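A structural walkthrough
Chain by chain, the residues:
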Amino acid sequence: MDRILEVVIAKYNYWIYIVLMMIGLYGVIAKNNLVKKIVGMSIFQTAIILFFISMGMKKGATIPIIIHGQEASVMASDYINPLPHVLMLTAIVVAVSTLGVALALAVKIHKEFDTLEEDEILEKIRKS
Amino acid sequence: MRILGILVCVATGAMLIWASGEFPPWGDPNSPASLHVSPRYIEKTMEETSVPNAVTSVLADYRGYDTMFETTVIFAAGVSCFMLLRLFSGRERSSHHYRHILTGLTLRVRRKGKQLPELEEFEPMDSLWTPYDLILRTLCRFLIPFIQLFALYVIAHGHHSPGGGFQGGVILGASMILLAISQDMRSALRRIRERTLAIFSVAGVAIYAGTGALCLILGSNFLDYAALSRIFPVDPVGARSLGIFLVEVGVGIAVMATMIVIYHNLASEGFLDEGL
Amino acid sequence: MTSHLPALVVTVPLLTAFAAFAAGWLRPKLCFPVGLTGLGITAISSIWLLAEVLEAGTVTYELGRWPAPWGIVYVVDRLNGVVLAAISLCAFIQWISSRASVKSQFSDRIGAFYGLELLFVTGVMGITVTGDAFNLYVLLEIASITAYALIAMGGGRAPLSSLNYVFMGTIGACFYLLGVGYLYIMTGSLNMADLASILQGMRSSQAILVAFVIIIVGVWLKMGFFPLHGWLPNAYTHAPWPATTLIAPLMTKVMAYVMMRLVLFLFGPEYSFGVLGLKDVVVWWASLAVVAGSVIALSQKDLKRMITCIILIEIAYMVGGTFLGNRSGTTGAIFHLVNDVFMTLCVFLAVSSLAFRQRELDMDTMEGLFSEMPFTMGALVTGALSIVGVPPTCGFFSKWLLLKGALEAGHYEFMVALILSSLVCLVLFFRVFEAAYFGHGERSHGHHRMREAPLGMVVPLLVVAIGIVALGLMSGEVISSIIEPALPRGVL
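Given the structure is predicted, the values throughout are model-derived calculations rather than measurements.

Quick notes on the overall build of chain B
Helix and strand counts for chain B come out as 10 helices and 3 strands. Listing each helix as α and each strand as β along chain B from the N terminus yields α-α-α-α-α-β-β-β-α-α-α-α-α. Relative to a compact globule of 276 residues, whose C-alpha radius of gyration would be 19 Å, chain B shows 25 Å and is clearly more extended. When the backbone C-alpha atoms are referred to their principal axes, chain B occupies close to 70 × 65 × 35 Å. Taking all 276 residues of chain B together, the buried fraction comes to 55%. Long-range contacts, defined as pairs at least 24 residues apart, comprise 58% of the intrachain contacts of chain B with a sequence gap of at least 6. Per element, the accessible surface of chain B, about 12,200 Å² overall, is 66% carbon and sulfur.

Laid out in C-alpha cells, this is it:
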C-alpha cells in the first residue's frame, strides 16, 4: 500500500496531464462540430505545455530570477529549471497561431456552407 | 468515429502512462533534466549576459534563434488570417442605423449600399443592436493608456522580473482590442490603420532578424550579440543585455500588431467595418 | 562569408519573405523580383554549401556562438547538404513557373501570398539544416501553418480540406513535441548529437521506446503514410495550383528526411532496427501502403487527384526503404527522396500548365493535347517515365537500389509491391496519354494549332525534365560520392 502511494505521489502530475491530453485527442477525433474539434485540439496542446512545465520543478527552489544581492553565490538547485519554461513560451505562441488560423478557416467554411457541423457539410458536398 | 476515438485515446494514454514509470519523481532536484544542460544557464546567466532573469536570457540569447522563428510563426498567423479572410469590397446592407449622440435617438435609414457618410451629431451604429453605455466607454478610455504603460513596463523590465516581449506585446494588443470592443471597430481603425499594422508586424520581426544580421555583418556568428560591442559603447557582456533588449522590443511590436490584425479580421469576417 | 553559409541558407528566405510582404503593401510590382533574388541567393548558397561539405566534411555552425548543447547548432553533412540543394532548386524553379498563375488569381493580396510562400521555403530549409530537436519543431510549425493558409486559398472545398489538414497536422506535430519531451525528461538535452550519445546507454528504457514510437507516428502523420494519409488527397487537390506546386514536392519529402535523420542518426541503426523487431513489421506495413496507394490512385478520375495519390506510393517507398536496414535499401531511399522532389515537381508543373490553358482536366476533354501543347506533354512524359522507373531517368536507379535492398534483406513482399506499383503507375499514365493522343470526343479529327502555356511556365518545366534525365545519367557519381558516405557506420 505504501509503495503504491509512493509511486502515485511521485508521478500523479504526469498521469493527470496524460489524461487531459487524451480528452483533447478524443475531442479532435470524435466530435462532429468543427469548433468543438478546434477546442479539443487546444486542450491537447495545452496539456502538453503543462506536462513540460511540470518537469522543470525542483523541490524547495524558487523562480529562475537571480535574487538581487546574491549574484556571487548562485547554486543551480536553488532555482527551478528555466529551459522547459522557455520551450513552452514558444509552444504557447505556436498553439495560439494554429488556433488563429483554424478559427479563420472555420469562419470561411461557415461563409461557404452556412453550418459548422461536419456531417451536414459532407451532405451538402455530396449533393452538389 | 466515437469507438475509433475511444480506442485510439485509451491505447495512446495507456502507452504514455506505462512509459512514465521510469520518469524521475516530481520535483526531484537530481533528475537528468535538472543536472545536464540547465545548471549552466542559471549559474552563468549573470556573468555571461548580465540579465538576472534566466528565462529571458535563455529565450533571447542562448536559444534566441528559436525565439526568432517563434515570432515568425505569429507573424505568419497574422498574415494568414489577413490573406484568408480579408475582402476588400464592402458588405452590402439594406438598411443602416444611426444614433444621435446627445439624446440617444436612433434612426434607421433604408437604403442599399455599403457605407453611408459619417454625420456630425449622428454616429453610425453596428447592425447588431448595442445600447449606448456611457460608463463602459468612459472607463475604458481612461484605462487604456494605463494598460499600454503597463505593457511597456513589462517589455522593458523583462530583464529583472517575469515579462518580456511576448507578454508585453500581447498586453499592448489587448489594449487596442479593448478599444475596439468598448467603442467600435471603426474608432480602433481610426487610431491605428490597417496598413500601419501590417508595416508594424513586418518591422517587428525584421528588427529581430535585422539584429541577427547586423551581428553577422559585424563579423561574428548570426545572433551573437557580443559583436554589438563594436558599435555601441558597452563591453561584450553588456552588449548581450542590449541585444536582448533590442530583440524584445522587436518581438513586442510584432506581437501587438499581429494580435490586432487577427482580431480585426476574425471579428468582422474580413470586412473591417464593424466587429463585436 | 563562406563560413556563415548554413545561417544564410535559412536567413535569406526569411528576410526575403519580410521584404515581399512589405512590398505587397507599398509597391506590389516588386514582390516577384524580390522573391526571385532571394531564392536565387538561397539556391546558390545551398549548392556552395554542398560543395564545401563534399570537400571538407561535416560543417557545424553555432548560432549566437554558444556551444552545443547549450545553444542551437546547425550541422550540415552529406545527407543534409544534398536535400538542401534539391529543395532550394525546386523552390527557385517553382517561383518562376507560378508567376502567371499567382498574378491571375491573387493580385489583391499578392504580398501576403508570396510572403507566405517564402516563409514556407524558410521552414523546410530550416527543418533540413537544423541539429536541434526543438528547433525542428518550431520550423516544422512555420512550414505547416503557412501550408495550411496557402492550401485554404483554393475556394470551395479548400478551407474544409485545409481544416482537416490542420487537425491531423497539429496532432502529428504535437506527438513529435511530446516525444521530444519524453527524451528531454530522461536525458536533459535537446541537441541531436548530444542525445545520440546519451541514448547509447539507455537502450532498454521503456520511456525511450515510447518516445521513439510516438515521434515516428507523429512524423508519419505529417508525411502521409498510410493509414494516416487521410488529409493528403483532399488538401493537395483542392489547393490552388501555385500552392500545390510548391507544397506537394517539398512538405512530405522533408518529413521523410526527418524520419531518416531520427532513425539513422538520433536513435541509431542498431536501436531503430533492432527494437521490438519493428523492422520487419514496418516493411510489411510499407508494402501494404504501396499497394493501398496504388489502388487509391487507380480509382481517381480527376488528373490532379490522381497525381496527388501517387505521392502516397512514393512516401511508402521511402519508409520501406529506410526500414529495410541495409546499405542498398537506405541508399535507395535517400536517392529516391532527392529524385522524388524533382519528379513530383515536374509532374505537377506539367499538369498545372495544362490546367492554365485547358481549365478542365477530365479524361474526356484532354484529347489532342499532344499537338496543342507538345513541350508540356513531353515534360509530363519524362516525369511519368521517371515515376514508373524507366532508364535513363533517375527514378529507375533509385527503384533498382530499393529492389536490390529488398532482395538482400529477404523482404520479397516489398519487391512484389514495388514491381506491382510500377505497373500500376504505367497503367495510370498510359490512360492519360491515350486520352491525350487518340481522344474520345468529336473534335478529334480537327487539326490542332499549338497553344502552349506562357514561356515563363514552359521553360522551367523543360529545365526540370532535362534535370531528371541528367540526374539519372549522373546517378553513379551522385550515389557514390554523396549518398553512400552519408550513411552511418551501423548500417550494413
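Don't stop here, the text continues.
Some remarks on the interface of chain B and chain C
Chain B puts 53 residues into the contact, and the matching count from chain C is 62 residues. When chain B packs against chain C, the two sides together hide about 5,400 Å² of surface, and 72% of this comes from carbon and sulfur. The interface formed by chain B and chain C holds 2 salt bridges in total. Residue R65 of chain C is joined to D224 of chain B by a salt bridge in which the shortest nitrogen-to-oxygen separation is 3.9 Å. Linking chain B to chain C there are 17 residue pairs in polar contact (both at pLDDT 80 or more). Counting only elements with at least two residues in the side of chain B that touches chain C, the list comes to α1 (2-19), α2 (32-35), α3 (38-49), α4 (54-62), α5 (64-85) and α9 (194-217) of chain B. No other element matches α5 of chain B, which puts 14 residues into the side of chain B that touches chain C.

Concerning the interface of chain A and chain B
Contact with chain A, which involves 45 residues of that partner, is made by 54 residues of chain B. Each partner contributes to the roughly 4,500 Å² buried at the junction of chain A and chain B, and carbon and sulfur atoms together form 75% of this total. The tally of links between chain A and chain B comes to 0 salt bridges. Remark: the boundary between chain A and chain B carries 14 residue pairs in polar contact (both at pLDDT 80 or more). For the side of chain A that touches chain B, the elements supplying multiple residues, two or more each, are α1 (2-30), α2 (34-54) and α3 (82-113) of chain A. With 19 residues, the single largest contributor to the side of chain A that touches chain B is α3 of chain A. Grouping the constituent residues of the side of chain A that touches chain B by class yields 32 nonpolar, 7 polar and 6 charged.

Section: the layout of surface pockets
Volume-wise, the largest pocket comes out at about 1,200 Å³. If you go around the largest pocket, you meet 42 residues; those closest to its centre are I29 of chain A, V8 of chain B together with M168, L221 and L228 of chain C. Mapped by element, the contributors of at least two residues to the lining of the largest pocket are α1 and α2 of chain A, α1 of chain B together with α7 (158-187), α9 (206-223), α10 (231-238) and α13 (278-298) of chain C. Of the residues forming the lining of the largest pocket, the biggest block, 7 residues, is contributed by α9 of chain C. Per-class residue counts for the lining of the largest pocket are 30 nonpolar, 7 polar and 5 charged. Volume-wise, the second largest pocket comes out at about 600 Å³. The wall of the second largest pocket is formed by 29 residues, among which A193, A196, L264, F265 and L266 of chain C lie closest to the centre. Of all the secondary-structure elements, those providing two or more residues to the lining of the second largest pocket are β2 (73-76), α8 (192-199), α11 (241-266) and α12 (269-274) of chain C. At 5 residues, α8 of chain C tops the list of elements feeding residues into the lining of the second largest pocket. The residue inventory of the lining of the second largest pocket, partitioned by class, reads 16 nonpolar, 8 polar and 5 charged.

Some details on the nonpolar core
Of all hydrophobic cores here, the largest spans 316 residues; its most connected members are F51 of chain A, Y65, F69 and F222 of chain B together with Y182 and Y236 of chain C. Apart from the residues within four sequence positions on either side, Y182 of chain C is in contact with I18 and F51 of chain A, L16, A19 and F23 of chain B together with A207, V210 and A211 of chain C. Counting residues in hydrophobic clusters, the runner-up holds 5 residues, among them I66, V74, A76 and Y79 of chain A.

Considering empty space enclosed by the protein
Within this structure, the stated rule accounts for 8 cavities of 30 Å³ or more. In this structure, the largest cavity occupies an estimated 130 Å³ of space. Lining the largest cavity are 15 residues, with G78, F82, A198, V261 and N265 of chain B sitting closest to its centre. Among the elements of the structure, α5, α9 and α10 (236-267) of chain B together with α1 (5-26) of chain C are those that each provide at least two residues to the lining of the largest cavity. Here the lining of the largest cavity is composed, by residue class, of 9 nonpolar, 5 polar and 1 charged.

Digging into the packing of α7 of chain C against α10 of chain C
Angle between the axes and distance between the axes: these two values describe a pair of packed helices. Residue and element names in this part refer to chain C. α10 packs onto α7 with a crossing angle of 140° between their chain directions and a minimal axis gap of 8 Å. Here α7 is positioned oblique relative to α10, judged by the angle of their axes. The handedness of the crossing between α7 and α10 is left-handed. Contacts between α7 and α10 involve A158, S161, N164, Y165 and M168 from the former and W231, N234, A235 and H238 from the latter. For the contact of α7 with α10, the residue count by class is 5 nonpolar, 4 polar and no charged.

Examining the state of the cysteines
Counted under the stated rule, the structure contains 0 disulfides over all chains. Between C9 of chain B, a cysteine without a disulfide, and C174 of chain C, which holds the nearest cysteine sulfur, the sulfur-to-sulfur distance is 14 Å.

Describing the environment of A207 of chain C
Relative to the helices and strands, A207 of chain C is located in helix α9. Classification of A207 of chain C by relative accessible area gives buried; the value is 0%. It is 7.8 Å that separates the C-alpha atoms of A207 of chain C and L183 of chain C, two residues lying 24 residues apart in sequence. Dropping the residues within four chain positions of it, A207 of chain C is found in contact with A19, E22 and F23 of chain B together with Y182 and M186 of chain C.

Brief notes about the environment of G35 of chain C
Residues and elements named next belong to chain C. Checked against the element boundaries, G35 lands in helix α2 (residues 31-56). Each C-alpha atom of the pair G35 and W95 lies 7.9 Å from the other, and the pair is 60 residues apart in sequence. Not counting residues up to four positions away in its chain, the partners in contact with G35 are T16, W95 and L118.

Quick notes on the pattern of salt bridges
Counted according to the given criterion, the structure contains 15 salt bridges over all chains. The closest approach of N and O atoms between R86 of chain B and E194 of chain B, which form a salt bridge, is 2.7 Å. Remark: E194 of chain B occurs in helix α9 and R86 of chain B occurs in the loop between α5 and β1 (96-100); sequence separation between them is 108 residues. Taking relative accessible area as the criterion, E194 of chain B reaches 18% and is therefore assigned buried. A cluster of three or more residues bridged by salt bridges with shared partners is formed by D61, D224 and R240 of chain B together with R65 of chain C.

A closer look at the sheet that holds strand β3 (residues 122-125) of chain B
Residues and elements named next belong to chain B. Strand order in the open sheet made by the 3 strands is β2-β1-β3, with antiparallel pairing throughout. The open sheet has two free edges, formed respectively by β2 (106-109) and β3, since each of these has just one partner strand. Adjacent strand axes in the sheet meet at a mean angle of 30° when their direction is disregarded. Strand direction decides the pairing type here: β1 and β3, joined by 4 bridges, are antiparallel. Of the residues in β3, the one forming a bridge with Y98 is P124.

Considering the packing of aromatic side chains
Evaluation of the coordinates by the stated rule reveals 33 aromatic pairs over all chains. For the ring pair F23 of chain B and Y182 of chain C, a centre distance of 4.9 Å and an interplane angle of 70° mean the geometry is edge-to-face. Residue F23 of chain B is located in the loop between α1 and α2, and its partner Y182 of chain C is located in helix α7; the two belong to separate chains. For the pair F23 of chain B and Y182 of chain C, a shared accessibility class is recorded, and that class is buried. What links up through ring pairs into an aromatic cluster is the set Y14 and F51 of chain A, F23 of chain B together with Y182 of chain C. R40 of chain B extends its terminal NZ or CZ atom over the ring of W70 of chain C, reaching a point 4.9 Å from the ring centre. One cation-aromatic arrangement involves K304 of chain C over W241 of chain C; the distance from NZ or CZ to the ring centre is 4.3 Å.

Criteria and cut-off values
- Residues numbered from 1 in each chain as written.
- Chains lettered and ligands numbered in written order.
- Predicted model: local features only at pLDDT ≥ 70, side-chain atom pairs only at ≥ 80, totals over all residues.
- Heavy atoms only, no water.
- Helix = DSSP H or I, 4+ residues; strand = E, 2+ residues; numbered from the N terminus.
- Rg over C-alpha atoms; globule rule 2.2 N^0.38 Å.
- Buried < 20%, exposed > 50% of the residue type's maximum accessible area, 1.4 Å probe, protein only.
- Contact = heavy atoms within 4.5 Å.
- Areas by Shrake-Rupley, 256 points an atom, 1.4 Å probe, with all protein chains shown as cover.
- Buried area = accessible area lost by both parts, 1.4 Å probe.
- Salt bridge = Lys/Arg side-chain N within 4 Å of Asp/Glu carboxyl O.
- Polar contact = N/O pair within 3.5 Å; in protein donor to acceptor, adjacent residues only side chain to side chain.
- Nonpolar A, V, L, I, M, F, W, Y, C, P; charged D, E, K, R; others polar.
- 1 Å grid on protein atoms, 1.4 Å probe; cavity = no way out; pocket = protein on both sides within 12 Å on 5 of 7 lines; lining within 4 Å.
- Points joined across faces, edges and corners; volume = space filled by probe spheres on them.
- Core = buried A, V, L, I, M, F, W, Y, C linked by side-chain atoms within 4.5 Å.
- Axes fitted to C-alpha atoms, helices over the stretch in contact; angles between N-to-C directions.
- Parallel < 35°, antiparallel > 145°, perpendicular 65-115°, else oblique.
- Left-handed = near helix turned anticlockwise from the far one by under 90°.
- Disulfide = S-S within 2.5 Å.
- Pairing = 2+ DSSP bridges.
- Phe/Tyr/Trp six-rings, centres within 6.5 Å; stacked < 30°, edge-to-face > 60°.
- Lys NZ or Arg CZ within 6 Å of the ring centre and 35° of its normal.

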